Amino acid sequence: MPGFLVFPSHVALHLLVALLLPPLIPGLIAKVKARMAGRTGPPVLQLYYDLARLARKEAVFSRTTTWVFLAGPVGAVAAGLVASLLVPFGHTPAPVAFEGDVILFAYLFGLARFLTILSALDTGSSFEGMGAAREAAFSALAEPALFLGFAALAKATASLSLTPMLLAQGAAGVRLTGPLILVLAGWAIVYLAENSRIPVDDPNTHLELTMIHEVMVLDHSGRPFALVLYGASLKLVVLGALLVDLVLPATSRPWLDWLLFLGCLGLLSGAVGLVESATARFRMTKVPQFLVAGVLASGFAFLLLLV
Amino acid sequence: MSLYLLAVLLAAVSGLPGLFLRRRGGGVAAGLMGLAAVLGIAAALRVLAGGAAGRLGLPAAPLGSPGLLVLDPIAAWFLLPVLLLSACGAMFGLGYWGERPGARLLRLVYGALAAFLALLVAAAHPLVFLLGWEGMAIAAFLLVMAEDRKAETRRAGWIYLVATHTGTLCLFAAFGVLSAQGAGAFAALPRGFAASGSGTAVFVLCLLAFGFKAGVMPLHVWLPPAHAAAPSHVSALMSGVLIKMGILGLVRLLSWIPDPPLWWGALLLGLGALSGVLGVAFALGQHDLKRLLAYHSIENIGIILLGLGLGTMGKSLGHPILQALGFAGALLHVLNHSLFKGLLFLSAGSVAHATGTRDLDRLGGLGHRMPWTSAAFLAGAWAICGLPPLNGFVSEWFLYLGSFRALALSRWPWSVGVLAALALIGALALACFAKAFGAVFLGMARTRAAEDIHESPRSMLVPMGVLVLACALIGLAPALVAPALDRVVAALGSPAVAGLPALSGLASLPLLSALALGLLGLALLLGLWLRPRRRDAALPTWDCGYAVPSARMQYTASSFADGPVTGLRWALLPRIHEARVRGLFPGATRYESHVPDPVLDRAADPALRLSARGLSLLRFVQGGHLPVYLLYVLLTLLTLLVWMVV
């Protein structure tokens, strides 16, 4: 099956959304959290201001670091942008789709993780080593959950490309509702873990000992740190699109599809904000159990499809 | 064919001139090996590009075999890594081993090992195969024993010798069963043979024989100690190519069988999943860089077996797509693993050469002083984790595609196990190589040994560079290898399934290349944007404001792997020695943990010790007195006489 390029205006729109939208999402989450706590909170566009400020700042490098220190931020953004080409935003097909792009999608995030871990270890700091070790261990559980979800969808839609896999749900009928909810549950757990949100990780805590992702980038500053922040928000959008596509109803008009997709992405950010306001972070030893729940949910989704 | 024979000959004699030359013997050997590689690879590429298979036979009918040596697509495919790695290793050896005592003999035997390996891949007659097999085993034993002053090396060598000969024994039996059936080996077997009793016997015996060589769990006992003890360029050749000869044997067997029973494929899949998951899990627990790499070889053999199992299932179930994707994934992974594991062992050798230690927790910060070695190891780690855009991703991608396709092909979803195993292996391998690369090359030097070092000489760096380029080439342009791979896969297919789909039709390889190039371009742009304008060399790591971070405060390799190792302790059974802390002012204390091998240290070693103790009861029979032995002779003769008369 050769890849296909949908007509350019949609590709352009897709690229624009992938490039420009991401920093809005953390802003939305922060706003929801602030409102829930009764505060005004920072402006929704705060991350855009932060990125602009960091891009102008000079970076500080420790004498312990080598070029690997920069590979983390670069890899996270480059891999995230390539992955964003593979996932459909709403009911418009992704710019690039071919059989087996699912695997490339998952492995691109693996690549980003690998390089982030290495750039954390490059500082020689024990805090960052701790975060890196946790990231490596927890992702070993998140990966099977993601893949089992893909397996369930592949079984249901007899397809191996993200676009048909995620978008064929509506046509498949009622039989899929149960498995779909389970995949959604499993992937929601993966979403929270991969994006280091509460209850797996707390992006706002001030105690480095308890962090996972934020502690890995303690030593990044200036432009490298801008890329780190941008990469994290990109991940929120790209993995979020995965979740949103599963439940998005198809409409008859393309502009309505886009609007619906963006609205749902906003709702997802709101939901993440609500989860963060309502729950506390798990103890580190409980996190694997939470992730195993994700694996089980996707696994049961797959089992349900067999009967 | 003549090119190939010339290559084998050149490899075999590459060490000879060095025996008589006072100097430059190593250079001559490396040059001859390089020439052999160029000639042999040219011959292999000609066959893979669709040329006629070369053949060397005897005038007399050679016992029902197609000839003595046949350079068919399968042989050509395995010949590529054999010669490439031999040449890279020979060159690496120049700087790594130099003119230490024993260097001449080492080069001689190294050349012999390369020649036997090259002979074995094209063997088309049981006798030639066994000759190559035994020659390879003995040459490798001699090479492992290169540093036989160390007790560790001697132990590793003897374990290897016992394991390889147990395997050879099974191989003799397998060929015996084959010829007893009148079925000529190295030719297609009749339908129905595989399902018969003798077919089962042949499969089980071959699985044992080739499993010992390939290091399939639980027959892997010899692999970690031997790889750790051998000189690094020898480890590279052993891990890259020698263990693949077990895979070659299985591939040959599968190519003769037109109708493998379903349980063959299922067993291969089961063994593959076991080797893959446990291999990487045990690698996580290792502190020795080369032992860690050796366990990863077991893991990768597991991935290859998963591919062979998928292909065999496809053959049994009559799904050509599955057959093509499974076998293609397995065969491409054979080549890929040779490239990146060779690369990793060479870079590990470079580390050991510079620092004199292989202990992860005594290294650190090598990236500053050994930038090229560090980049080479990173490339190898990148590829072995199956991350895009290097070659490891392509072969794993074929396997994923195959197992996803299998979900739709049959009602019973056995391949979801393959998917889960592949995903788990991938994630654990990533953790393990992050640990290894981080502990060795990143952060600060943990001991003096890791501090006073310098980059390895160019003769060691060039072979690594060649292997990095090969990894990148396959990763960026998989469409280049697809036609060759199609021919090898077709050689594995039975005549009944003639219409195997071409890989280029199954997978959109050009798009994969385009995305890989896009990824690289994007990374380059971002890297340029980030390039620091000036670096202040005096700044320490911020570390939340801690003023004097010391190397001892770094996270060690053991602590990095602690999470997964604790999570898998029911399988790994780590041994932890820790002193209890007593009193209000406890004194100095120590903590140690290591993960012993499950089969060698926990089962084989105690069992063999016990049986040795039991058998020592029989020792009085061997008293050493001549009259007693004469008495034995007499008694034997009498018994025989009585038996013949009655």
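Residues numbered from 1 in each chain as written. Chains lettered and ligands numbered in written order. Predicted model: local features only at pLDDT ≥ 70, side-chain atom pairs only at ≥ 80, totals over all residues.

Participant: Describe the overall build of chain B, naming the residues involved and giving the relevant values.
Facilitator: Assigned secondary structure in chain B consists of 26 helices and four strands. Whereas a compact globule of 646 residues would reach a radius of gyration of roughly 26 Å, chain B reaches 26 Å, a difference of no more than 12%. Projecting the C-alpha coordinates of chain B onto the three principal axes gives extents of approximately 95 × 70 × 60 Å. Long-range contacts, defined as pairs at least 24 residues apart, comprise 80% of the intrachain contacts of chain B with a sequence gap of at least 6. (Helix = DSSP H or I, 4+ residues; strand = E, 2+ residues; numbered from the N terminus. Rg over C-alpha atoms; globule rule 2.2 N^0.38 Å. Contact = placed C-beta atoms within 7 Å.)

Participant: Run through the overall build of chain A, naming residues and quoting values.
Facilitator: A count of helices and strands for chain A gives 13 helices and zero strands. Put simply, chain A runs from its N terminus to its C terminus through helices and strands in the order α-α-α-α-α-α-α-α-α-α-α-α-α. Here the C-alpha radius of gyration of chain A, 19 Å, is about what a compact globule of 307 residues would show, namely 19 Å. With 307 residues in all, chain A has 61% of them scored as buried. Across chain A, every contact between residues at least 6 apart in sequence was considered, and the portion connecting residues at least 24 apart equals 79%. (Buried ≥ 20, exposed ≤ 12 C-beta atoms within 10 Å, placed from the backbone.)

Participant: Could you give an account of the domain arrangement of chain B, naming the residues involved and the relevant values?
Facilitator: Residue and element names in this part refer to chain B. Examined at the domain level, chain B breaks down into domain 1 (1-163 + 224-251), domain 2 (260-516 + 555-565) and domain 3 (600-645). With 30 residues of domain 1 at the interface, the matching set in domain 2 holds 36 residues. When residues of the side of domain 1 that touches domain 2 are traced back to their parent elements, those giving at least two are helix H4 (73-96), helix H9 (223-229), helix H10 (232-242) and helix H11 (244-256). For the side of domain 1 that touches domain 2, the leading source of residues is H4, giving 12 residues. For the side of domain 1 that touches domain 2, the per-class residue count stands at 20 nonpolar, eight polar and two charged. (Domains from an automatic or database assignment. Nonpolar A, V, L, I, M, F, W, Y, C, P; charged D, E, K, R; others polar.)

Participant: Run through the interface of chain A and chain B, naming residues and quoting values.
Facilitator: Contact residues are listed per partner, giving 66 residues for chain A and 61 residues for chain B. Among the elements that line the side of chain A that touches chain B, the one with the most residues is helix H6 (residues 126-157) of chain A, at 18 residues.

Participant: Residues and numbers for helix H22 (residues 509-530) of chain B, please.
Facilitator: Between its first and last C-alpha, H22 of chain B extends 31 Å over 22 residues, near the 32 Å set by a 1.5 Å rise per residue. Every buried residue of H22 of chain B is accounted for by Leu 511, Leu 512, Leu 515, Ala 516, Leu 519, Ala 523 and Leu 526 of chain B. Along H22 of chain B, the residues classed as buried sweep out an arc of 140 degrees about the axis, all on the same side. Turned more than 90 degrees away from the buried face of H22 of chain B sit Gly 521, Leu 524, Leu 525 and Leu 528 of chain B, all of them exposed. The inward-facing, buried residues of H22 of chain B contact helix H4 (68-86), helix H5 (101-121) and helix H11 (222-247) of chain A together with helix H19 (458-476) and helix H20 (478-492) of chain B. (Expected span 1.5 Å × (residues − 1). Arc of directions from axis to C-beta.)

Participant: So what about the packing of helix H18 (residues 415-441) of chain B against helix H23 (residues 557-567) of chain B? Which residues, and what values?
Facilitator: Residue and element names in this part refer to chain B. At a closest axis distance of 9 Å, the pairing of H18 and H23 adopts a crossing angle of 170 degrees. In terms of orientation, H18 lies roughly antiparallel with respect to H23. Handedness of the crossing formed by H18 with H23: right-handed. In contact with Leu 428, Ala 431, Lys 435, Gly 438 and Ala 439 of H18, H23 contributes Ala 557, Phe 560, Ala 561 and Pro 564. Taken together, the residues of the contact of H18 with H23 sort by class into seven nonpolar, one polar and one charged. (Axes fitted to C-alpha atoms, helices over the stretch in contact; angles between N-to-C directions. Parallel < 35°, antiparallel > 145°, perpendicular 65-115°, else oblique. Left-handed = near helix turned anticlockwise from the far one by under 90°.)

Participant: Run through the confidence of the model for chain A, naming residues and quoting values.
Facilitator: Averaged over chain A, the pLDDT score is 87; the fraction of residues at 70 or greater is 95%. Every residue in residues 1-6 of chain A is under pLDDT 50, and counting partners more than four places away or in other chains gives 16 contacts. (pLDDT = per-residue confidence, 0-100.)

Participant: Hey, could you go over helix H13 (residues 287-306) of chain A for me, with residue numbers and the actual values?
Facilitator: Over its 20 residues, H13 of chain A extends 30 Å from the first C-alpha to the last, a length consistent with the 28 Å expected when each residue adds 1.5 Å. Listed as buried for H13 of chain A are Val 287, Leu 291, Gly 294, Val 295, Ala 297, Ser 298, Gly 299, Ala 301, Phe 302 and Leu 305 of chain A.

Participant: Break down the packing of H4 of chain B against H20 of chain B for me, citing the residues and quoting the values.
Facilitator: The description of two helices packed together rests on the angle between their axes and the distance between the axes. All names here are of chain B. Interaxial distance between H4 and H20 falls to 8 Å at its minimum, and their mutual angle equals 130 degrees. Classified by the angle their axes make, H4 and H20 are oblique. Handedness of the crossing formed by H4 with H20: left-handed. Only Arg 487, Val 488 and Ala 491 of H20 make contact with H4, whose side of the interface consists of Pro 73, Ile 74 and Trp 77. Within the contact of H4 with H20, the residues separate by chemical class into five nonpolar, no polar and one charged.

Participant: Tell me about the confidence of the model for chain B, and please be specific about residues and values.
Facilitator: All names here are of chain B. Of all residues in chain B, 96% have pLDDT values of 70 or greater, and the mean over the chain is 87. Predicted confidence in chain B is weakest over helix H21 (residues 503-506), with a mean pLDDT of 70, and strongest over helix H16 (residues 371-384), with 94. Overall fold confidence (pTM) sits at 0.92, and the ipTM for the predicted complex is 0.93.

Participant: Any details on unusual backbone geometry? Residues and values, ideally.
Facilitator: In this structure, the amide linkage connecting Ile 198 of chain A to the following residue, Pro 199 of chain A, adopts the cis form with an omega of 10 degrees. With respect to the element layout, Pro 199 of chain A can be found in the loop between helix H9 (177-194) and helix H10 (213-216). In this chain, Pro 388 of chain B is followed by Pro 389 of chain B through a cis amide linkage whose omega measures 5 degrees. One non-glycine residue with positive phi stands out, namely Ala 158 of chain A, at about 50 degrees. Tracing the chain through its elements places Ala 158 of chain A in the loop between H6 and helix H7 (162-167). In this structure Ala 158 of chain A comes out as partly exposed when scored by C-beta crowding, with 15 C-beta atoms within 10 Å. Unusually for a residue other than glycine, Leu 573 of chain B sits at a positive phi of about 45 degrees.

Participant: Hey, could you go over the nonpolar core for me, with residue numbers and the actual values?
Facilitator: Leu 113, Leu 117 and Ala 118 of chain B are the most contacted members of the largest nonpolar core, which has 359 residues in total. In this structure, this core is formed jointly by two domains, domain 1 (1-163 + 224-251) and domain 2 (260-516 + 555-565) of chain B, each of which donates at least three residues. (Core = buried A, V, L, I, M, F, W, Y, C linked by C-beta atoms within 7 Å.)

Participant: How would you sum up the environment of Ala 140 of chain B? Please name residues and give values.
Facilitator: Counting through the fold element by element, Ala 140 of chain B comes out in helix H6 (residues 126-144). Setting aside residues no more than four positions away along its own chain, Ala 140 of chain B makes contact with Leu 113, Met 238 and Leu 242 of chain B.

Participant: Account for the environment of Lys 244 of chain B, naming residues and giving values.
Facilitator: Residue and element names in this part refer to chain B. Inspection of the secondary structure puts Lys 244 in helix H11. Put simply, Lys 244 and Val 82 are 162 residues apart on the chain and 9.5 Å apart in space, counted from C-alpha to C-alpha. Discounting chain neighbours no more than four positions away, the residues touching Lys 244 are Phe 78, Val 334 and Ser 338.

Participant: Tell me about the environment of Met 130 of chain A, residues and numbers included.
Facilitator: Position of Met 130 of chain A relative to the elements: it lies in helix H6. A tally of 22 C-beta atoms within 10 Å means that Met 130 of chain A is categorised as buried. In sequence terms Met 130 of chain A and Ser 9 of chain A are 121 residues apart; their C-alpha atoms lie 45 Å from each other. With residues up to four places along the chain from it excluded, the contact list for Met 130 of chain A reads Val 215 of chain A together with Tyr 555 of chain B.

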